[in-house]
Number of protein chains: 2
Amino acid sequence: MRDRMAYYVQDLQRRIVTKMSDMDGSAFLIDTWQRPEGGFGTSCVLQDGNVFEKAGVNVSVIHGHLPPQAVRQMRARGHDRLDTRGGALPFFATGVSLVIHPRNPHAPTVHLNYRYFEVTNPNGEIVSWFGGGCDLTPAYLYEEDAVHFHNVIKDACDKHSPTYYPEYKKWCDEYFYNTHRGERRGIGGIFFDDVPAQGKQGEAFFDFIRDAGNAFLPSYVPIVKKRSKQSYSQEEKHWQQLRRGRYVEFNLVHDRGTKFGLMTPGARIESILMSLPLTARWEYGHLPLQGSPEAALVRVLREPQSWV
Amino acid sequence: MRDRMAYYVQDLQRRIVTKMSDMDGSAFLIDTWQRPEGGFGTSCVLQDGNVFEKAGVNVSVIHGHLPPQAVRQMRARGHDRLDTRGGALPFFATGVSLVIHPRNPHAPTVHLNYRYFEVTNPNGEIVSWFGGGCDLTPAYLYEEDAVHFHNVIKDACDKHSPTYYPEYKKWCDEYFYNTHRGERRGIGGIFFDDVPAQGKQGEAFFDFIRDAGNAFLPSYVPIVKKRSKQSYSQEEKHWQQLRRGRYVEFNLVHDRGTKFGLMTPGARIESILMSLPLTARWEYGHLPLQGSPEAALVRVLREPQSWV
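Procedures and definitions
Residues numbered from 1 in each chain as written. Chains lettered and ligands numbered in written order. Predicted model: local features only at pLDDT ≥ 70, side-chain atom pairs only at ≥ 80, totals over all residues. Heavy atoms only, no water. Helix = DSSP H or I, 4+ residues; strand = E, 2+ residues; numbered from the N terminus. Rg over C-alpha atoms; globule rule 2.2 N^0.38 Å. Buried < 20%, exposed > 50% of the residue type's maximum accessible area, 1.4 Å probe, protein only. Contact = heavy atoms within 4.5 Å. Areas by Shrake-Rupley, 256 points an atom, 1.4 Å probe, with all protein chains shown as cover. Lys, Arg positive; Asp, Glu negative; His and termini not counted. Charge placed at Lys NZ, Arg CZ, Asp CG, Glu CD. Phe/Tyr/Trp six-rings, centres within 6.5 Å; stacked < 30°, edge-to-face > 60°. Lys NZ or Arg CZ within 6 Å of the ring centre and 35° of its normal. Axes fitted to C-alpha atoms, helices over the stretch in contact; angles between N-to-C directions. Parallel < 35°, antiparallel > 145°, perpendicular 65-115°, else oblique. Left-handed = near helix turned anticlockwise from the far one by under 90°. Nonpolar A, V, L, I, M, F, W, Y, C, P; charged D, E, K, R; others polar. Salt bridge = Lys/Arg side-chain N within 4 Å of Asp/Glu carboxyl O. Least-squares fit on C-alpha atoms with pLDDT ≥ 70 in both.

Caption draft 1: Main features of the overall build of chain A. On a plain count of helices and strands, chain A comes out with ten helices and ten strands. Relative to its length of 308 residues, chain A is compact, with a C-alpha radius of gyration of 19 Å against a globular reference of 19 Å. Residue burial in chain A is summarised as follows: out of 308 residues, 58% are buried. Restricting the contact set of chain A to residue pairs at least 6 apart, pairs at least 24 apart contribute 72%. Roughly 13000 Å² of accessible area belongs to chain A as shown, and the carbon and sulfur atoms make up 52% of that amount. Mean positive and mean negative side-chain charge positions of chain A (37 and 35 charges, respectively) differ by 1 Å.

Caption draft 2: Quick peek at the environment of Asp193 of chain B. Residue and element names in this part refer to chain B. As for its position among the elements, Asp193 is in strand S9 (residues 188-196). Along the backbone, Asp193 and Asp80 are 113 residues apart, and their C-alpha atoms lie at a distance of 15 Å. Contact partners of Asp193, with chain neighbours within four places excluded, come to Arg77, Arg115, Trp129, Phe130, Gly131 and Trp171.

Caption draft 3: Spotlight on the packing of aromatic side chains. Applying the stated rule across the entire model yields 48 aromatic pairs over all chains. Summarising the aromatic geometry, the rings of Tyr164 of chain A and Tyr168 of chain A are spaced 5.2 Å apart at their centres and angled 20 degrees between planes, so their arrangement reads as stacked. Linking Tyr164 of chain A with Tyr168 of chain A, this pair stays in helix H4 (residues 164-175), spanning four residues, or about one helical turn. This pair shows no difference in class: Tyr164 of chain A is buried, exactly as Tyr168 of chain A is. Its guanidinium or amino end placed over the ring of Tyr142 of chain B, Arg227 of chain B lies 3.7 Å from that ring's centre, counting from NZ or CZ.

Caption draft 4: Here's a closer look at the packing of helix H3 (residues 143-158) of chain B against helix H6 (residues 216-228) of chain B. All names here are of chain B. Contact geometry for H3 and H6: axes closest at 8 Å, N-to-C directions at 160 degrees. When the axes of H3 and H6 are compared, the pair comes out roughly antiparallel. Seen from above, H3 lies across H6 with right-handed handedness. Of the residues in H6, those in contact with Glu144, Asp145, His148, Phe149 and Val152 of H3 are Pro218, Ser219, Pro222, Ile223, Lys226 and Arg227. A per-class count over the contact of H3 with H6 returns five nonpolar, two polar and four charged.

Caption draft 5: Structural context of the pattern of salt bridges. In total, this model carries 58 salt bridges over all chains according to the counting rule given. With a shortest N-O distance of 3.6 Å, Glu53 of chain B and Arg244 of chain B are connected by a salt bridge. In this pair, Glu53 of chain B is assigned in strand S3 (residues 52-66) and Arg244 of chain B in helix H7 (residues 234-254), connecting sequence segments 191 residues apart. Each member of the pair, Glu53 of chain B together with Arg244 of chain B, is buried. Connected through shared salt-bridge partners, Asp48 and Arg103 of chain A together with Arg281 and Glu283 of chain B make up one network.

Caption draft 6: Molecular detail of the interface of chain A and chain B. Taken together, the contact pairs 33 residues of chain A with 33 residues of chain B. In this structure, the connection of chain A to chain B is made through four salt bridges. We note a salt bridge from Arg181 of chain B to Glu270 of chain A, for which the minimum N-O separation is 2.9 Å. Elements represented by at least two residues in the side of chain A that touches chain B include exactly strand S1 (29-34), strand S2 (39-47), helix H7 (234-254), helix H8 (256-263), helix H9 (269-272) and strand S10 (279-281) of chain A.

Caption draft 7: Layout of the relation of the copies chain A and chain B. Mapping chain A onto chain B calls for a screw motion: a turn of 180 degrees about the axis and a shift of 0.0 Å along it, with 0.0 Å RMSD after fitting. Those values place the two copies in the arrangement expected of a two-fold rotation axis. By C-alpha distance to the rotation axis, the residue of chain A lying nearest is Ala280 of chain A, at 2.7 Å. Mapped onto chain B, 100% of the interface residues of chain A again fall at the interface, so both copies present the same surface.

Structure below.
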């Protein structure tokens, strides 16, 4: 599973970067790095492009030892086969994560992450799981875009289980919640974590992960292509910048992955903070006008919708 | 002490807002608010001005009841006269806080906060303390500005005790540390917390707080006046925007006051996040050129200096 997942995320990264680079007419910066404690990664970044203000697609394939405290935390989170009686345990992790912030305020930001984590008990037994998801963050709400995005993801889910989409859609709405603002980061998608990766069940879930990953380009590209052609005003760009500020707030204050990364000694900060937009804005007490398109967005962020 | 501190912080706010408004040639938005659970405040904000990109000066005078868990945390932090045997305890808090982000990249951002906190035990005994400080965050280092700023603050400290400046300067360098970047937020100033506010000692410290607060305008105004006259390039503005990003990172990831505020139900989010700059920027893997003025700044952020 290690090798197959590591191969898959690198292949998906390559396909996404090729497509985005083609759409933008600009090359990505390809930054391959080694992790001193074990493993490697590739961060692909496009900044200040024609279509994309900032696009980052990161893959990591890392290994090492988990301190006992981290093992205990994972066990407490439900991985009850983890052996916490000994010391540090070997781990392996691989995943792809991306955040794309388009230039045009009518084109939504998108986030995707699929990852595999594995720990080996002292007796050689492997405990492993998948996590991830994909979600959309528009500055302006286009219902047809939300429906398209959710539909493509739902189709990938439904091929594998009728429970995946409703369950993971709800998880996404709950996870990407900017509690201090009382609003979701965006209009959702799917999110899941700690899904067992062993045996037949794990094999079946890996099939699902690949279908979900493969659904990314068809779910997002038509939307960003269409919206990037629209003209926009300074006022619309301004609103997008304020929404970027909320994106920064979620990622720095609430996102578990970012917080965990920032507290980890030796973590690769630039790869973790690649998710932040190129530019953002904060104004005191800004409120969208009643009945405006800006207010329409905030309404659906406050009350998640069923899009399909 | 309640009334005298509440009066002082409102008076200091008025003096600072008047001066800043005069320098900018723009009026502040004055937003007075009531706290449903008890108390009031005034948030004064100037956005997109001539001299200041964003300036926020906030005063709050609030009261209510502290849940037992919060009382226990304060006791654990050293307030050992707090009675944790009963339930919620009445509290009173007042303070002034400000963050000023000038437009010109040669003019530094400044932060100030002085506050008084008081809890009443069931037997009527009052446990109270002061906290606060003032610190400077330039995008470009001008040693003469750093020396001036620290000197004015040191003079205010030295009037009261020769130990205040060295002790509180060190505390400031330690507190405003962006651990995940390995650099301080700025070039320091002073910071202190949990200083007892009762009896003769408390009276003497209140005298010091007022002198420290009164030192703000002479410590900062000459610097911002001088630097705001300098011309600047697009590259310099660009570097300032990247430094604004680091400011956002510190405040959202590490600042205890901000984190506490964001997690507090019913907190006034707009007043808490008034400290964020109007605009900020994040670029992947940005590194200042060796030997450049940008690199000179980063060097002193990595290793705090003695400025006086």
